[in-house]
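Results of the structural survey
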Amino acid sequence: MAAANTQGPRAPKLPQLLERDPYLAPFEQDFQRRYALFYNRLKSIEENEGGLDKFSKSYKTFGVNQFVDGGVYCKEWAPGAEAVFLTGDFNGWNPFSHPYKKMEYGKWELFIPPGQDGYSPVPHGSKLKVVIRAQNGELLYRISPWARYVVRDQDKVNYDWVHWNPPQSYIRKHRSPERLKSLRIYESHVGIASPEGKIASYKNFTYNVLPRIKDLGYNCVQLMAIMEHAYYASFGYQVTSFFAASSRYGTPDDLKEMIDVAHSMGITVLLDVVHSHASKNSEDGLNKFDGTDSCFFHSGPKGTHQLWDSRLFDYSNWEVLRFLLSNLRMWIEDYGFDGFRFDGVTSMLYHHHGIGTGFSGDYNEYFGLHVDEDALCYLMLANHMVNFLHPECITIAEDVSGMPALCRPVAEGGGGFDYRLAMAIPDKWIQIIKELKDEDWNMGNIVYTLTNRRYEEKCIAYAESHDQALVGDKTLAFRLMDAEMYTNMSVLSPLTPVIDRGIQLHKMIRLITHALGGDSYLNFMGNEFGHPEWLDFPRKGNNESYHYARRQFNLTDDHLLRYRFLNAFDRDMNKSEERFGWLASPPAFVSEKHESNKVIAFERAGLVFIFNFHPYQSYVDYRVGVETPGKYKILLDSDASEYGGHQRLDHNTEYFSEEYPHNYRHNSLMMTSASHSRQKKWNNVKMRFARSM
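Throughout this description, residue numbers start from 1 for each chain and increase along the sequence as written. Where local features are concerned, this predicted model is filtered to residues with pLDDT of at least 70; where side-chain atom pairs are given and counted, the filter is 80 or more; whole-chain, interface and lining totals use all residues. Here the side-chain values reflect all heavy atoms present in the structure, with hydrogen atoms and water set aside.

Another aspect to go through is the packing of aromatic side chains. Within 6.5 Å between ring centres, the rings of Phe, Tyr and Trp (the latter by its six-membered ring) count as paired, and their orientation is classed by plane angle as stacked under 30 degrees, edge-to-face over 60, tilted in between. In the structure shown here, the tally under the stated rule is 48 aromatic pairs. Aromatic rings pair up to connect Phe62, Trp77, Trp146, Phe242, Phe243, Phe296, Phe297, Phe313, Tyr315, Phe323 and Tyr378 into one cluster. In this structure, Arg34 packs its charged tip against the face of Phe31, placed 5.9 Å from the ring centre. Definition used: whenever NZ (Lys) or CZ (Arg) falls within 6 Å of the ring centre and also within 35 degrees of the ring normal, the charge is taken to sit over that ring. In this structure, Arg623 is placed above the aromatic ring of Tyr660, and the distance from its NZ or CZ to the ring centre is 4.4 Å.

Listed below in C-alpha cells is the structure:
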C-alpha cells in the first residue's frame, strides 16, 4: 500500500481512529481521500453558494414560494429543457402564458407579481404544473421536484400538485426534547396504525397511538412512509415527491401537529428518509423531469437499480447535493423532525449496491474502486450539515455491510452517523428459531451475535423490525406460535405447550436483545405484543384488501387475551431501562454462557441479567458471578404472573453476595427457585433480572 498523500486537506482526527483500530492503518490513504473529497466540496459550497446554511435553504427559493408582498417566485433546475412554463388553475391552464427565464447552469426562474388587491396570484389549494418543452419539442407536464403538497383524486392514477400556502399554518407549541443519551425507538407507519381496514390518519396517530407509545416507555418514534409515494404498497420506499408529506394521511399541518404533540410527551421523532433511490414515475415523480434520462440521476444502466427498478441519484452533481441537503433541512425546520434514519445506505456506499455481495468483515471489502465515494461524500456532507446546524438531531444508518467508521465523526474520516442498525441480530433469531431445536441453541453464538459490534460505534439492537412483519416473512411471535395464535391466545382456553413456549421466548428474546445487543433499541409497532398475522398492503394480488394493512391494538385491551401479557412485559422492560439506563452504559460483562445449562448471565448498569434458555431444566440453586458486593432483589421477571408466567420466583427474596469468586467475578450470588415442584416441561424458559442495592 502506498504511503498516504501528504498534500491537500487531511482528516484532523484520523490518527485517533487508527489508534483505536490499527487494522485500518493500511487504508489511511482511502480515509484521507474521502475526507479531501468532502472538504473540497464543502469549501466549494462555501465559496460559490454563500455557505452551507444558505445552500441547504434552497427549498425556500426553488419550486413555488410566496413573498411577503403576495408575489410568487418560481425556480427550477431543468438542464435538458428548451423552455419552461408554469400553468394551473390560476391562469386557466394556459401552458405558455407564464414562461420562465433561463439562467446559468440549467436553472430557470419566474416572478409573478401580486394582484392589485395584494393577494397571491396563485391561490392556496389551486393545482399547478410545470410545463417542460423537451429537446425534441414535446411538451411535458410535470410536478415540481420541490412541490410541498400533492394529492390524488380517487378516480385518477397520478398525483396532482396542489399549491400549499394556507392563510394560517400550524404554529408549533412545544420545543423538541433534549438530545437523548439512548433511544427506545417505536418504528411506525401512520397508515396502518389502526385496527380498522383503512388508511389511518395523522390525527388518529396523534390522539390514539402516541399515548400508547408513551405508556409503553418508548422515547422515540421513527416514522416510515412520510415522504410522498404514489404506490402505497411500496411501504414508502418508492418516493415520488421528496418535499411533500404524504397526503393520504392528511395535510402538512396535521403532520406538524402530530410531531408537536409527540414533543409535548417528551418523544423524539425521526423520519425514515429515502435518499438512496427514487421512483421511476415521470408523470408525478422526478424521473425524466426535464425530458432527459439524467437530470437528477445517472444516465444509462448506472442510473437504475436492478432489483428495486428505481432511479439512482448522481451524488457528484451540484444540484443533486442542493436538492438532497435542502430536503433534510426542510423536514427538520418546517416540520420539526429530530433526525433521520437513512434507508438503503448499503446501496449508496457501493457501486454494486450490495447486489449478490456477501460481507465477511474483511476490510478490503470496504475500500477500493467498488466504493461509491461520491455517495459517501454526500452522506458525510449530510451528517456534517445536520450536526453543524442542528446538533440536537440524530442520524441512523441502515447499512448491512458493516463499513468501518461509518458511525465515527467526519473529522476522523468517518461517515458522521450517530448510530447504525445491528442488522445481524434479527437474522440470527430467525435462523435459530427456524433451524434449531430448543436443546441445540448455542449460547456462545447468541452472545457473540449480540455483542459483535465495532468499539465506540453505536448500534441500535432489535429482535425484529418491519422487514420481518411483511408478507412472505414471519414475525417472531408467528414463528413461535404460528396457527395456534388464532385458537389458543384466550385465557379461557388451555395454555398449550406451543403458546406457553412462544410467550416465554418472545419475552426473553426481546429482553436479552434490549440489554445486551447495543446502545439503543428498536421495535416495530404491534410486534411488542406479538401482533398476529403479517403485514400486506392493498394490491392486485390480494384484491386491494386492507385486512392485513392494519395494527390490531385492540387485542391488548382485551383482558381475556394473552397479548396483554406481552404488552405489559414490553412496557415494564422499557420503564426499567428508563430507570437504570443500561443502553447508555458501557457494554455488558458476560460472566456466563453455559452450553449444557443453557444459561446466559451478564452485568450492565449495576444490574445482573440471568437467562435460562433450557427447554425443560430449571435450577433450584444456581450460582452466578457478580462484581459488586451487596444485597440484590428481583426487578423484572419474565415468569411473573402479570406477564403470563408461572410465578416460580418469590420476589420478596433478598439475595446476598458472597466473597466467593465465580466465573471471573470477585463475588457471587446463589439464586434460589421458590417453587420447583410447579415446573412443567415447556414452562422453564424463564429469566431473572436482579438489581444491586
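For two strands to count as paired, DSSP must find a minimum of two bridges between them. Numbering goes from the N terminus for both helices and strands, where a helix is a DSSP run of H or I of at least four residues and a strand is a run of E of at least two. Taken together, four strands build an open sheet; the order of strands is E1-E2-E5-E4 and the sheet is antiparallel. Strand pairing shows two members of the sheet lacking a second neighbour, strand E1 (63–66) and strand E4 (101–102), which therefore form its edges. Pairing geometry for E4 and strand E5 (residues 107–112), over two bridges, is antiparallel. Following the sheet pairing, Lys102 is matched in E5 by Trp108.

For the rest of this paragraph, the subject is helix H15 (residues 563–580). With 18 residues, H15 ought to run about 26 Å at 1.5 Å a step, and its terminal C-alpha atoms sit 26 Å apart, in line with that. For the exposure calls, accessible area comes from a 1.4 Å probe over protein chains only, and a residue counts as buried if that area is under 20% of its type's maximum, exposed if over 50%, partly exposed in between. For H15, the complete set of buried residues consists of Tyr563, Phe565, Leu566, Asn567, Ala568, Phe569, Asp570, Met573, Asn574, Ser576 and Glu577. The first or second residue beyond H15 is Gly581, which carries a positive phi of 65°. Take the residue count of a helix, subtract one, and multiply by 1.5 Å to get its expected span.

One side-chain nitrogen of Lys or Arg within 4 Å of one carboxyl oxygen of Asp or Glu is enough to make a salt bridge. This model, assessed by the stated rule, comprises 44 salt bridges. A salt bridge links Arg454 to Asp21, with the shortest nitrogen-to-oxygen separation between them at 3.0 Å. Residue Arg454 is found in the loop between helix H10 (443–451) and strand E20 (459–461), and its partner Asp21 is found in the loop between helix H1 (14–20) and helix H2 (28–49); the two are separated by 433 residues along the sequence. Across the pair Arg420 and Asp399 runs a salt bridge whose closest N-O atoms are separated by 3.5 Å. Taken as a pair, Arg420 in strand E19 (residues 419–421) and Asp399 in the loop between strand E18 (394–397) and E19 lie far apart in primary sequence, 21 residues in all. Side by side, Arg420 and Asp399 carry an identical accessibility label, which is buried. Residues joined by salt bridges that share partners form a network here, namely Asp21, Asp399, Arg420, Arg454 and Glu457.

Next up on the list: empty space enclosed by the protein. Of the two site types, the cavity is a set of points on a 1 Å grid over the protein atoms alone where a 1.4 Å probe fits but cannot get out, and the pocket is an open set with protein on both sides within 12 Å along at least five of seven lines, each lined by residues with an atom within 4 Å of a point. Grid points are joined across faces, edges and corners, and a volume is the space filled by probe spheres set on the points. Scanning the entire structure with this criterion turns up six cavities of 30 Å³ or more. Here the largest cavity defines a volume of roughly 50 Å³. Every residue lining the largest cavity is listed: Phe31, Arg34, Leu376, Met380, Met403, Pro404, Ala405, Leu406, Gly413, Gly414 and Gly415. Looking at the lining of the largest cavity, the elements that each hand over two or more residues are H2 and helix H8 (373–389). The class makeup of the residues in the lining of the largest cavity is seven nonpolar, three polar and one charged. Asp, Glu, Lys and Arg are counted as charged, while Ala, Val, Leu, Ile, Met, Phe, Trp, Tyr, Cys and Pro are counted as nonpolar; the rest, among them Gly, fall into the polar class.

This brings us to the UniProt feature "domain: Glycosyl hydrolase family 13 catalytic" (unreviewed entry) in the chain. UniProt positions are given in the numbering used here, feature names are shortened, and annotations may be inferred rather than shown by experiment. UniProt marks residues 196–570 with the feature "domain: Glycosyl hydrolase family 13 catalytic" (unreviewed entry), using the numbering shown here. Across residues 196–570, the secondary structure splits into 34% helix and 11% strand, with the terminal C-alpha atoms separated by 24 Å.

This part covers the packing of H2 against helix H6 (residues 318–333). Helix packing for two helices is described by the angle between their axes and how far apart those axes are. Relative to each other, H2 and H6 sit at 90°, their axes nearing to 12 Å. Between H2 and H6, the interaxial angle falls into the category roughly perpendicular. Between H2 and H6, the contacting residues are Arg41, Ser44, Ile45, Asn48 and Glu49 on the first element and Trp318, Leu321 and Arg322 on the second. Its residues placed into classes, the contact of H2 with H6 shows three nonpolar, two polar and three charged. Between N-to-C directions, angles cover 0 to 180 degrees, with each direction set by a line fitted to C-alpha atoms, over the stretch in contact for helices. With respect to orientation, any angle under 35 degrees is reported as roughly parallel, any angle over 145 as roughly antiparallel, any angle of 65 to 115 as roughly perpendicular, and every other angle as oblique. Residue contacts follow a heavy-atom distance rule, with two residues in contact if any of their heavy atoms lie within 4.5 Å.

Right, let's get into the side chain of His506. Inspection of the secondary structure puts His506 in helix H13 (residues 497–516). Here a polar contact is taken to be a pair of N or O atoms separated by no more than 3.5 Å, where protein atoms must pair a possible hydrogen donor with a possible acceptor and residues adjacent in sequence count only if both atoms sit in side chains. Of the polar contacts made by the side chain of His506, one reaches the backbone oxygen of Asn527; its length is 3.3 Å. Setting aside residues no more than four positions away along its own chain, His506 makes contact with Glu464, Ala477, Leu480, Asn527, Glu528, Gly530 and Leu566.

Okay, the UniProt feature "active site" (unreviewed entry) in the chain next. Under the present numbering, the feature "active site" (unreviewed entry) in UniProt falls on Asp343 and Glu398. Spanning 56 residues, the named residues form one tight spatial group whose C-alpha atoms are at most 5.5 Å apart. Of the annotated positions mentioned, Asp343 and Glu398 line the largest pocket. Assignment of secondary structure puts Asp343 in the loop between strand E17 (339–342) and helix H7 (345–349). Judged by relative accessible area, which is 8%, Asp343 ranks as buried. Those residues in contact with Asp343 that lie beyond four places of it in its chain are Tyr237, Asp272, Val273, Val274, Ser276, Met348 and Glu398. With respect to the helices and strands, Glu398 occurs in the loop between E18 and E19. By relative accessible area, which is 13% here, Glu398 ends up buried. Those residues within four positions of Glu398 in sequence are excluded, and the remaining contacts are Arg341, Phe342, Asp343, Gly344, Val345, Thr346, Leu421 and Met423.

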